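Here is what each chain is made of, one letter per residue.
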Amino acid sequence: MRSSERLARTTSINPMNRTAVTDSKQSLDAKPKLRDSLDMITQPYQLYIERKDASKNMARFYAMSIAPTLFGDICLTRRWGRIGSQGQTMEHNFPREEEAVAMFLALLRLKRQRGYHLRDRPRPIRHPLSNRL
């Protein structure tokens, strides 16, 4: 038996792989529908707040941000922990931006009630020789 005869017997052509445009009857080869540019986040949402109480030896941070995912969903990322540590992270995925913003604002209200506030701006460092001309 020749090698060409063996090859002809092992490779069979069926109706599924005869078409030139697609290799199956499934819609896997169809072009994906692109989302409209209106689905993009309208404005960036980022927040970093802190809660400090020296009498309780407490120094905590809470950070939130909203960003789109690669799959078109909207992701609310939350980070919290002791200031100076990496802390913990939790992510929530939403199909619409409005739902993520509603949770963002609800969490912000809750944290403000618990005593969190925007981080104090650091004072500018003055060089000891800066008064010299």
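Residues numbered from 1 in each chain as written. Predicted model: local features only at pLDDT ≥ 70, side-chain atom pairs only at ≥ 80, totals over all residues. Heavy atoms only, no water.

Participant: Please explain the nonpolar core as it appears in this structure.
Facilitator: Nonpolar side chains tend to gather and get buried jointly when the protein is soluble and globular. Ranked by size, the top nonpolar core spans 14 residues in total, and within it Tyr62, Met64, Ile66, Leu76 and Phe104 carry the most contacts. When residues of this core are traced back to their parent elements, those giving at least two are strand 1 (45-53), strand 2 (58-68), strand 3 (74-82) and helix 2 (97-113). The element that contributes the greatest number of residues to this core is helix 2, accounting for four residues. Not counting chain neighbours up to four residues away, the residues in contact with Phe104 comprise Tyr45, Gln46, Leu47, Met64, Ser65, Ile66 and Leu76. (Core = buried A, V, L, I, M, F, W, Y, C linked by side-chain atoms within 4.5 Å. Buried < 20%, exposed > 50% of the residue type's maximum accessible area, 1.4 Å probe, protein only. Helix = DSSP H or I, 4+ residues; strand = E, 2+ residues; numbered from the N terminus. Contact = heavy atoms within 4.5 Å.)

Participant: Explanation requested: the pattern of salt bridges in the structure shown.
Facilitator: Two side chains carrying opposite charge are able to pair once their charged atoms lie near each other. Overall, the coordinates contain two salt bridges when judged by the stated rule. Here Lys52 ties to Glu50 by a salt bridge, and the two come within 3.5 Å at their closest N and O atoms. Judged by relative accessible area, Lys52 falls into the exposed class, the value being 55%. The residue Arg96 makes a salt bridge to Glu98 at a minimum N-O spacing of 3.2 Å. The exposure class assigned to Glu98 is partly exposed, which follows from its relative accessible area of 49%. (Salt bridge = Lys/Arg side-chain N within 4 Å of Asp/Glu carboxyl O.)

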